[in-house]
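# Results of the structural survey
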Amino acid sequence: MTTPAGVAERLTSLVGALRAHGVRIGTGETVDAAQAVEALGFADRELLREGLAATLLHGTGQRQVFDPVFDLYFPRGVGGPEQKAAGRDDLRERLAAALTANDHVMMGRLAVEAVDGFGGYGSAPESDGWSSYQTLERLRPQTLLARVRDNIRSQGGSSGFADRLLEDEIRQRIEAFRALVAAEARRRVAERRGRDEIARRAVTPTADRVDFLFAGKAQLAELRRAVQPLARKLATRLAARRRRASRGSIDLRRTLRGSLSTGGVPMKPVLRRRRPVRPELVLLCDVSGSVSGFSDFTMLLVQALHDQFSKVRVFAFVNRIDEVTGLLERGTADPEGLSARIEAEATLTGYHGSSDYGMALGEFAERYGAAVGPRTTVFVLGDARTNMSDPNLPAVRQIAGRARRVYWLNPEQRSRWGTGDSAAPDYAELVEMHECRTARQLSALVARLLPV
Amino acid sequence: MFTSVDDVSARLAETGYLASPAVATTVFLADRLGKPLLVEGPAGVGKTELAKAVAEVAGARLVRLQCYEGVDESRALYEWNHAKQLLRISAGRDETWDETRTDIFSEEFLLTRPLLTAIRGDDPKVLLIDETDKADVEVEGLLLEVLSDFQVTVPELGTIAATRRPFVVLTSNASRELSEALRRRCLFLHIGFPDEELERRIVRLKVPGLDEALARSVVRVVGALRAMDLRKLPSVAETIDWARTLLALGADTLDETVVQASLGVLLKHQDDVLKASAKLDLDTLGAL
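It should be emphasised that the depicted structure is a prediction, and the values quoted were computed from it without experimental measurement.

Each helix and strand counted, chain B has 15 helices and nine strands in total. Scaling as 2.2 N^0.38, a compact globule of 288 residues should have a C-alpha radius of gyration of about 19 Å, whereas chain B reaches 24 Å, well beyond that. The C-alpha extent of chain B, read off along each of the three principal axes, is 85 × 45 × 35 Å. Taken across its 288 residues, chain B has 49% of its residues classed as buried.

Okay, structure coming up:
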């Protein structure tokens, strides 16, 4: 079977778009993908999708980048639907029917019509486009919930115990429809503006590459779900580092003592035994609005790693500091509510609500100074924006003097340190400061910096 | 081995393995491109079962290498049978050392382990490398030669290349990130939780005594549990266990008491049970 002309170019530009999103694909895989295309043909688009995913991707997280990019390069169709949408009420009527029957094909077709009917804006060739937001605002599929529910109940499609799940299921179907609309709008825009640009800009990156400071709610929730597997991975890495660290150095005294039984010839070298000291960890987290996503994630990660350390203590601050270790331990069952609980149960603010590093660090050195000893590693998490108040460098110096190591993880881009009210350069002179903008960076840093 | 993707689904279904389109497509490609298949996914979705089903369909022998921390060359590839070699030397007839040496390093004294077994011989084989992530990084290096060229080098015998390539399946629970080098030699397949319709068919197939309406409710409840933020999400294996439990309890429909009593089959942590009970509006006080 020969492949139609242009497929090779399309495939390579798909690979290019995926590479731009950080998916590492070699030439060998591209060749495999082409062979897969040849073997599968173009008859079934979903098979083609799975085939390309199998040959090009190497991990689970890459799939959510792949799917929208695939939709752009191998679109379902070209242009608008043949049939124009009759009107908003008619469309809502048919959508309700499709949601009731959970008919995916029909929902896909309705999404195409909806974007065509209600998503267009602008008239000049440079400024016009298609908006999923506008489509969904006009259509308001979420308001169909009650109607669909009553429809299903009256048809007897749901009864007994499982009936209480019905509303959530319908919500999921509506959510799926919204995703279809978004994909369709992206496809229409891509026809207008060129695929490559849209693939680069309009496809959200994988969750571990999203900036903490700009992550949306859904992305943060996804990150939270990733905490357990990530922690498990880091724990194996730490264990490996620990194993390696305990090999190699020879205990001369005991080797010589042992050699007496073999006439002074050291037959069996005795290795120095390490005392298994588990290090202690102290975390100081800025939980003020601007960086709370970052702190939350890091706190959960460290909590998940707690059995690697003899003691983990976590402190949260805005402009006053308080210990939240207990809240975190109980919080493993309910990570979403963590920040709300910290806010409700810990004293973090004094007279005002904005963050003040100087005051908080000073209070830590004064009240909880005993928490830091020669075996303790301290992590400070925050953007070091002090709202123009005194950064209180002596307090940091005092903490650094007592601790084994102090690291500062800053979720801001390095180029923005020191701009505005950021005291990052001052702190960076006293303690080691690392840029930590994404979950990927964080896990690399944690694996490298955590004491063994 | 297979003629089309539909052929894969149909023939896997005959052995009792219902494959999603993604699974069928990837198995088809793995066969067609002659590449190993790396399967990832949560526990209990049928990763190992897939390899067994493929072996059954192809009428091939399943060779299994179970990985664990500390698995090494002598467990995975081959080993010389030292005891037998010593016997051979001590029972030596009058012959020169050179003759003895060539003799004791011959096939007779070679103990083949799964990887070598899989590439020797002409009969069709399916090689299953289970829980690859549990093995140490060094073993991955060992796998690279086997998986890309289907050959093994034994210093005393030379390179042994496969006359007939086995169908290779590697599974991983992602407890450790596998190396990029290994990943790029494989086709990647993520088996997630099946969609509602497929899972219902699986339940009906594995638990034939369960009636249609109850199976539907079972799958819906499991789906709702998976949408929650639990420590351990119930997998297909748990769904089937639950369906069997309900059958054994003689339940015709789901109601609060039945669900409450059997939730432990689905969820393995007390935290999860409490959380799910609260979200499903169960009477939690009764259970405590």
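Helix and strand counts for chain A come out as 19 helices and eight strands. Computed over the C-alpha atoms, the radius of gyration of chain A is 29 Å, more than 25% above the 22 Å expected from 2.2 N^0.38 for a compact globule of 452 residues. By principal-axis analysis of the C-alpha atoms, chain A measures approximately 90 × 65 × 55 Å. When each of the 452 residues of chain A is scored for burial, the buried share is 49%.

A word on the sheet that holds strand β9 (residues 187–190) of chain B. All names here are of chain B. Ordered in space as β2-β5-β8-β1-β9, the five strands form an open sheet in which the pairing is parallel. Two strands close off the open sheet at either side, each with one partner strand: β2 (61–66) and β9. Strand-to-strand twist across the sheet, computed as the mean angle between neighbouring axes with direction ignored, equals 20°. With six bridges connecting them, β2 and strand β5 (residues 125–130) associate as parallel partners. The partner of leucine 62 across the bridge, within β5, is valine 126. Where helix α3 (residues 47–58) meets the sheet, it contacts β1 (37–40), β2, β5, β8 (167–172) and β9, and its direction lies at approximately 170° from that of β5.

All names here are of chain B. Taken domain by domain, chain B consists of domain 1 (5–72 + 113–190), domain 2 (78–112) and domain 3 (196–279). Distance between the C-alpha centres of domain 1 and domain 3: 31 Å. At the interface, six residues of domain 1 touch nine residues of domain 3. Both faces combined, the contact of domain 1 with domain 3 buries some 580 Å², and carbon together with sulfur accounts for 63% of it. For the domain 1 face of the interface with domain 3, the top three residues by lost area are Gly16, Leu18 and Gly44, together amounting to 69%. On the surface where domain 1 and domain 3 come into contact, there are zero salt bridges. Applying the counting criterion to the domain 1 and domain 3 interface returns five residue pairs in polar contact (both at pLDDT 80 or more).

This paragraph deals with the interface of chain A and chain B. Accessible area lost upon the coming together of the parts serves often as the stated size of an interface. Taken residue by residue, the interface counts 36 residues in chain A and 38 residues in chain B. Taken together, both faces of the contact between chain A and chain B bury some 3100 Å²; the carbon and sulfur share is 56%. On inspection of chain A and its partner chain B, the count reaches three salt bridges. Its salt-bridge partner being Asp32(A), residue Lys35(B) comes within 2.3 Å of it at the nearest N-O pair.

Right, let's talk about the packing of helix α11 (residues 212–227) of chain B against helix α12 (residues 236–249) of chain B for a bit. Residue and element names in this part refer to chain B. At a minimum axis separation of 11 Å, α11 and α12 run at an interaxial angle of 140°. Accordingly, the angle class assigned to the pair α11 and α12 is oblique. Here α11 and α12 pass one another in a crossing that is right-handed. Residue-level inspection shows Val218, Val221, Val222 and Arg226 of α11 in contact with α12, the latter providing Val236, Thr239, Trp242 and Leu246. Looking at side-chain class alone, the contact of α11 with α12 contains six nonpolar, one polar and one charged residues.

Now for the sheet that holds strand β6 (residues 376–381) of chain A. All names here are of chain A. Ordered by their spatial adjacency, six strands build an open sheet running β5-β4-β3-β6-β7-β8, and the pairing between neighbours is mixed. Every other strand in the sheet has two partners, leaving β5 (321–323) and β8 (432–435) as the edge strands with one partner each. Between one strand axis and the next, the sheet turns through 20° on average, direction left out of account. Taken together, the five bridges between β6 and strand β7 (residues 405–410) define a ladder with parallel strand orientation. The residue of β7 that forms the bridge with leucine 381 is leucine 409. Running at roughly 45° to β5, helix α16 (residues 357–367) makes contact with β3 (280–286), β4 (311–317), β5 and β7 of the sheet.

As a further point, take a nonpolar patch on the surface. All names here are of chain A. A grouping of Ile250, Leu252, Leu256 and Leu271 is seen on the molecular surface, where their side chains present a nonpolar patch of about 380 Å² in accessible area. On the secondary structure map, leucine 256 appears in helix α12 (residues 252–259). Given a relative accessible area of 48%, leucine 256 falls into the partly exposed group.

Glancing now at the UniProt feature "domain: AAA+ ATPase" (unreviewed entry) in chain B. As recorded in UniProt, the feature "domain: AAA+ ATPase" (unreviewed entry) lies at residues 33–197 of chain B. What you have in residues 33–197 of chain B is 36% helix and 24% strand, and the ends, taken at the C-alpha atoms, are 30 Å apart.

What follows deals with the nonpolar core. Formed by 68 residues in total, the largest nonpolar core has its most connected members in Leu12(B), Val27(B), Leu37(B), Leu50(B) and Trp242(B). Those residues in contact with Leu50(B) that lie beyond four places of it in its chain are Leu12(B), Tyr17(B), Val23(B), Val27(B), Leu37(B), Val39(B), Leu189(B) and Ile191(B). Counting residues in hydrophobic clusters, the runner-up holds 51 residues, among them Leu52(A), Tyr73(A), Leu95(A) and Ala190(A).

Another point: the packing of aromatic side chains. Residues and elements named next belong to chain A. Evaluated as defined, the whole model comprises eleven aromatic pairs over all chains. Look at phenylalanine 70 and phenylalanine 74: their rings are 5.3 Å apart centre to centre, the planes differ by 20°, and that puts the pair in the stacked class. Note on phenylalanine 70: relative accessible area 0%, which makes it buried. Between tyrosine 357 and tyrosine 427, the ring centres sit 6.4 Å apart and the planes meet at 45°, which makes this aromatic pair tilted. Taken together, the residues span a long stretch of sequence, with tyrosine 357 in helix α16 and tyrosine 427 in helix α18 (residues 424–430) at a distance of 70 residues.

What follows concerns α16(A). Residues and elements named next belong to chain A. Among the eleven residues of α16, eight are classified as buried, and the element is accordingly described as predominantly covered. For α16, the complete set of buried residues consists of Tyr357, Gly358, Ala360, Leu361, Gly362, Glu363, Phe364 and Ala365. Regarding α16, its N-cap is aspartate 356, as a side-chain oxygen of that residue lies 3.1 Å from the backbone nitrogen of glycine 358 further along.

What counts as what
The residue numbering used here restarts from 1 in each chain and proceeds along that chain's sequence as written. The naming scheme follows written order: chains are lettered A onward, ligands numbered 1 onward. Local features are withheld for residues below a pLDDT of 70 in this predicted model, meaning they are given only at 70 or higher, and side-chain atom pairs are given and counted only at 80 or more; totals for whole chains, interfaces and linings count all residues. The side-chain values count all of the structure's non-hydrogen atoms but skip hydrogen atoms and water molecules. Runs of E in the DSSP output that reach at least two residues are strands. Runs of H or I that reach at least four are helices, and both are numbered from the N terminus. What the globule rule says is 2.2 Å times the number of residues to the power 0.38, and the radius of gyration is computed from C-alpha atoms. For every residue, the accessible area (1.4 Å probe, protein chains only) is compared with the maximum for its type, and the residue is labelled buried under 20%, exposed over 50%, or partly exposed between those bounds. Whether two strands pair comes down to DSSP finding at least two bridges between them. Between N-to-C directions, angles cover 0 to 180 degrees, with each direction set by a line fitted to C-alpha atoms, over the stretch in contact for helices. We call two residues in contact whenever any of their non-hydrogen atoms come within 4.5 Å of each other. Where each domain begins and ends is defined by an automated method or by a domain database. Each of two parts loses accessible area, computed with a 1.4 Å probe, when they are put together; buried area is these two losses added. Salt bridges are defined by distance alone: a side-chain nitrogen of Lys or Arg within 4 Å of a carboxyl oxygen of Asp or Glu. In protein, a polar contact means a hydrogen-donor-capable atom and an acceptor-capable atom, both N or O and within 3.5 Å, with residues adjacent in sequence counting only if both atoms are side-chain atoms; elsewhere, any N or O pair within 3.5 Å suffices. Every angle not falling under 35 degrees, over 145, or within 65 to 115 is termed oblique; those three ranges are roughly parallel, roughly antiparallel and roughly perpendicular. The sense of a crossing depends on the near helix, which, turned anticlockwise from the far helix by less than a right angle, makes the crossing left-handed and, turned clockwise, makes it right-handed. Residues were grouped as follows: Ala, Val, Leu, Ile, Met, Phe, Trp, Tyr, Cys and Pro as nonpolar; Asp, Glu, Lys and Arg as charged; and all remaining residues, including Gly, as polar. Patch membership requires more than 30% relative accessible area and the absence of a salt bridge. Residues of like charge join within 9 Å; the nonpolar side chains Val, Leu, Ile, Met, Phe, Trp and Tyr join within 5 Å. Computed with a 1.4 Å probe, the accessible areas rest on the Shrake-Rupley method; for each residue, only the protein chains presented here act as cover. UniProt positions are given in the numbering used here, feature names are shortened, and annotations may be inferred rather than shown by experiment. Throughout, nonpolar core names a set of buried Ala, Val, Leu, Ile, Met, Phe, Trp, Tyr and Cys residues whose side chains join them through atoms within 4.5 Å. Only Phe, Tyr and Trp rings take part, Trp by its six-membered ring, and two of them pair if their centres are within 6.5 Å. Stacked means planes under 30 degrees apart, edge-to-face means over 60, and tilted covers everything else.

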